[in-house]
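Chains, contacts and geometry: an overview
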Amino acid sequence: MRTIHVTASREYDVCVGPGLLRECGERIAAVCGTGAAAVVTDSTVAPLYADTACASLERAGFAVSRFVFPAGEASKTLKTYDDILRFLAENRLTRADLLVALGGGVTGDMAGFAAATYLRGIRFVQLPTTLLAAVDSSVGGKTAVDLPAGKNMAGAFHQPSLVLCDTDTFSTLPGDVFRDGCAEIVKTGVLAGEELFSLLERGALADRPEEIVARCVEYKRSVVAEDEFDTGKRRLLNLGHTAGHAAELCSGYGVSHGKAVAMGLAAMARTCAARGLCPAETAERILALLEKAGLPTALPYGARELAAAAMSDKKREGDRLPLVVIQGIGRCRVETIPGEEFETWLREGGAL
Ligand SMILES: NC(=O)c1ccc[n+]([C@@H]2O[C@H](COP(=O)([O-])OP(=O)(O)OC[C@H]3O[C@@H](n4cnc5c(N)ncnc54)[C@H](O)[C@@H]3O)[C@@H](O)[C@H]2O)c1
Ligand SMILES: [Zn+2]
C-alpha cells in the first residue's frame, strides 16, 4: 500500500492498494473515531462492494446505514442530492457522524456535496472504485451536482477526511469506464513529466496500477496544495479539457468525459506541434499513448461549432479562454487567448 499525504484546508491521507475495502472500517475509525456512518453508493457498485465495506465499518463499531441511487451521470442532480440530505436527516446523523462515498466520480461528487452542506458540513470519506475517481475526482475537494444548464454547476469545496482506494475494485470495471480513467492518467503523465509518462509508455498501468494511481495522486496533491480553490496552478489540470468539454457538448454528452478529454488532449498536442510550441515528437508520443489506451484522437466536430461550445464553458474569462499549452512532457503552461482565436487552434488540432 502507498500513502500520499495531502495538505489543504484539511490534511488527509490517500491510501492506494489492494484489499482496502475489507479493512476500511478500522482505518476510518482510526482517523474519525466511530459513530454513525451513512454509506452512499450507486446501483452498480452496491451489489459488488457495499457488503464488504459495510461489514468492515460495522466490525469497527460504526452504526451503518446505506443509500443507493441509480448508477450514472443522469443521477447527479439536485433531486438525488435532496434525497441524500433527507436520508441523512431521517437517520439522525449529527456533526459527529460521517458520510462514506463508495463508487466513482458521480458518487463522490454528489455525496461530497451533501457532506459539505448537511448541517453546514460533516466529515466524509472517499472510497473510489473507478480509475477516474482514484486519480482525479476523489482528491482535491471539489464536490458538485449538475444543473440543467450545465455540468457541476452547483457545488462546494469540501476536502475528505480520508481516501481509501482499493485497487482490487478496478477488476470489475467495464472496459469503457476503465479507458475513461486512462485519459485522465495520460493527461497527468503529460503534466507530471518524463518519469510517469515513460512508465505509461512501457505499459505500467496494467502491471503496477497501485504505483501509477499513487503517482497521479501525488501530482494532483502537489497542484492542490498550491492552489486549493482553483485560481492559479490548479488550472493546469484542465489540459485537454477546453476542447474536451466542447466535444462533450457537441456530442450532446453522447461521448463520455474521458473520451472527450482524449480528443481534446490530442487536438492540443497537434496544435502545439504545428505552432512550434512543442517538438513534433512530443505530440507523436501523446497521440501514440492515447491510441495504445484505446482512446479516440480525432476531433470529429466542426471547429466553429466547438469554439462556440467552448465559449459557454464555465472556465471562460469574459471573452478570453484559458488554455493549457504543451511545450514538452512535464512542461505545460496556462495561456489565455482571445475566444475568437480558439477556432483556429481547433482547426490546427484536426477539427473539421
Ligand atoms: N471532483 C472532481 O475533481 C472531478 C474530477 C473529474 C471528474 N469528476 C466527475 O466524475 C464523474 C465521472 O466519474 P466516473 O467516470 O467514475 O463515473 P461514475 O461514477 O458514473 O462511474 C462510471 C460507471 O462505472 C460504474 N462503476 C463504478 N465502479 C465500478 C466498479 N469497480 N466495477 C464496475 N462498475 C463500476 C458506475 O456504477 C457507473 O455506472 C463526472 O460526474 C465528473 O464530473 C469530478
Ligand atoms: Zn476530467
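In case you missed it, the structure is sitting above this.
All values derive from a computational prediction rather than experimental measurement. (Residues numbered from 1 in each chain as written. Chains lettered and ligands numbered in written order. Predicted model: local features only at pLDDT ≥ 70, side-chain atom pairs only at ≥ 80, totals over all residues. Heavy atoms only, no water.)

Points about the overall build of the protein
To keep things clear, this is the line we draw: To qualify as a helix, a DSSP run of H or I must reach at least 4 residues; to qualify as a strand, a run of E must reach at least 2; elements of each kind are numbered from the N terminus. In this analysis, two residues are considered to be in contact whenever any of their non-hydrogen atoms come within 4.5 Å of each other. For accessible areas, the Shrake-Rupley method is used with a probe of radius 1.4 Å. Any residue's cover is judged against the shown protein chains and nothing else. For this count, His and the chain ends are skipped, Lys and Arg are scored as positive, and Asp and Glu as negative. For charged residues, the charge sits on one atom: NZ in Lys, CZ in Arg, CG in Asp, CD in Glu.
Within the protein, the regular secondary structure consists of 14 helices and 11 strands. Projecting the C-alpha coordinates of the protein onto the three principal axes gives extents of approximately 60 × 40 × 35 Å. In the protein, the proportion of contacts linking residues at least 24 apart, taken out of those at least 6 apart, comes to 73%. Of the roughly 13700 Å² of accessible surface on the protein, 51% is carried by carbon and sulfur atoms. Between the centroid of the 38 positive side chains of the protein and the centroid of its 44 negative side chains there is a distance of 2 Å.

Regarding unusual backbone geometry
The phi angle at asparagine 152 is positive, at roughly 55°, despite the residue not being glycine. With respect to the helices and strands, the residue asparagine 152 is situated in strand β8 (residues 150–157). We note that aspartate 230 has phi near 60°; this positive angle belongs to a residue other than glycine. Along the polypeptide, aspartate 230 turns up in the loop between α9 (209–226) and α10 (241–250).

Some points on the site of ligand 1
Worth spelling out the cut-off: The cutoff for a nearby residue is simple: one of its non-hydrogen atoms must lie within 4 Å of the molecule or strand. Each polar contact in these results corresponds to two N or O atoms within 3.5 Å; when the atoms are within protein, one needs to be able to donate a hydrogen and the other to accept it, and residues that are neighboring in sequence are counted only if both atoms are side-chain atoms. For this scheme, ten residues count as nonpolar: Ala, Val, Leu, Ile, Met, Phe, Trp, Tyr, Cys and Pro. Four count as charged, namely Asp, Glu, Lys and Arg, and the remainder, Gly too, count as polar.
Near ligand 1 lie 26 residues; those nearest to it are Asp42, Glu73, Thr129, Thr130 and Thr172. Taking aspartate 109, its side chain carries an N or O atom lying 3.0 Å from a nitrogen atom of ligand 1. Within the side chain of threonine 130, a nitrogen or oxygen atom sits 2.7 Å from an oxygen atom of ligand 1. Notes on ligand 1: free accessible area 860 Å², of which the protein chains cover 87%. For the shell around ligand 1, the elements supplying multiple residues, two or more each, are α2 (45–59), α4 (105–117), α5 (131–137) and β8. Classifying every residue of the shell around ligand 1 gives 9 nonpolar, 9 polar and 8 charged.

Observations regarding the sheet that holds strand β1 (residues 2–7)
Backbone hydrogen bonds are what pair the strands of a sheet, in a parallel or an antiparallel way. The line we're drawing: Strand pairing requires that DSSP identify at least two bridges connecting the strands. Only the stretch in contact is used when a helix axis is fitted, and all axes are lines through C-alpha atoms; the angle between N-to-C directions ranges over 0 to 180 degrees.
Reading across the sheet, the 7 strands line up as β1-β2-β9-β6-β5-β3-β4 and stay open at both edges, with mixed pairing between neighbours. The open sheet has two edge strands with one neighbour each: β1 and β4 (63–69). For this sheet, the mean inter-axis angle between neighbouring strands, taken without regard to orientation, is 15°. Note that strand β3 (residues 36–42) and β4 share 7 bridges and pair parallel. Across the sheet, the residue bridging to valine 40 is phenylalanine 67, located in β4. Strands in contact with α4 are β3, β4, β5 (98–103) and β6 (123–128); relative to β5, the strand with the most contacts, it is inclined by about 165°. Each of β1, β2 (11–17) and β9 (162–166) touches α9; the most contacted strand, β1, lies at about 10° to it.

A word on the environment of valine 135
Along the polypeptide, valine 135 turns up in helix α5. Each C-alpha atom, one on valine 135 and one on serine 251, is 25 Å from the other, the two residues being 116 residues apart in sequence. In contact with valine 135, not counting residues within four places along its chain, are Glu184, Ile185, Val213, Cys216, Val217 and Lys220.

What to know about the packing of aromatic side chains
Given two aromatic rings, their pairing is described by the distance between the two centres and the angle made by the two planes. Stated precisely, the cut-off is as follows: The criterion for an aromatic pair is that two Phe, Tyr or Trp rings (for Trp, the six-membered ring) have centres within 6.5 Å, with stacked assigned to planes under 30 degrees apart, edge-to-face to planes over 60 apart and tilted to the rest. Note on exposure labels: buried denotes an accessible area under 20% of the residue type's maximum, exposed denotes more than 50%, and partly exposed covers the range between, all computed with a 1.4 Å probe on protein chains only.
Evaluated as defined, the whole model comprises 3 aromatic pairs. On the basis of an interplanar angle of 15° and a centroid distance of 4.4 Å, the ring pair of tyrosine 81 and phenylalanine 113 is categorised as stacked. Note that tyrosine 81 is positioned in helix α3 (residues 78–90) and phenylalanine 113 in helix α4, a separation of 32 residues in sequence. Like tyrosine 81, the residue phenylalanine 113 is buried in the burial classification.

Remarks on the coordination of the zinc ion (ligand 2)
The criterion, for reference: Sites may look incomplete, because water is not among the atoms used; the donor set itself consists of N, O and S atoms within 2.8 Å of the metal (3.2 Å for Na, K and Ca).
Here the zinc ion (ligand 2) is held by Glu184 (OE), His241 (NE2) and His257 (NE2), and the distances to it run 2.0 to 2.1 Å. Of note, the zinc ion (ligand 2) draws all its donor residues from one chain, in the sequence arrangement E-x56-H-x15-H. Of this pair, glutamate 184 sits in helix α6 (residues 175–192) while histidine 257 sits in helix α11 (residues 257–274), and the two are 73 residues apart along the sequence. Residue glutamate 184 is classed as buried on the basis of its relative accessible area, which comes to 1%.

Let's talk about the side chain of threonine 242
With respect to the helices and strands, threonine 242 occurs in helix α10. With residues up to four places along the chain from it excluded, the contact list for threonine 242 reads Ala310, Leu321, Pro322, Leu323 and Phe342.

Focus on the packing of α6 against α11
The test is simple: For any pair of crossing helices, the crossing counts as left-handed if the nearer helix is rotated counterclockwise from the farther one by less than a right angle, and right-handed if it is rotated clockwise.
Running from N to C, α6 and α11 point in directions that differ by 35°, and their axes come no closer than 7 Å. For the element pair α6 and α11, the recorded crossing hand is left-handed. Across the interface between the two elements, Asp176, Asp180, Ala183, Glu184, Val186 and Lys187 of α6 pack against His257, Gly258, Lys259, Val261, Ala262 and Leu265 of α11. Split into classes, the residues belonging to the contact of α6 with α11 amount to 5 nonpolar, 2 polar and 5 charged.

A word on the pattern of salt bridges
Pairing of side chains with opposite charge becomes possible as their charged atoms draw close. Threshold: A carboxyl oxygen of Asp or Glu within 4 Å of a side-chain nitrogen of Lys or Arg is what we treat as a salt bridge.
Tallied over the entire structure, the rule returns 23 salt bridges. Of the charged contacts in the structure, one is a salt bridge between lysine 259 and aspartate 176, with a shortest N-O distance of 3.7 Å. Of this pair, lysine 259 sits in helix α11 while aspartate 176 sits in helix α6; the two residues are 83 residues apart in sequence, bridging distant segments of the chain. The class for aspartate 176 is partly exposed, based on a relative accessible area of 44%. Across the pair glutamate 343 and arginine 304 runs a salt bridge, and its minimum N-O distance is 3.7 Å. Separated by 39 residues along the polypeptide, glutamate 343 in helix α14 (residues 342–348) and arginine 304 in helix α13 (residues 303–310) bring together distant segments of the chain. Since its relative accessible area comes to 62%, arginine 304 is described here as exposed.

These figures come from the coordinates and say nothing about function on their own.
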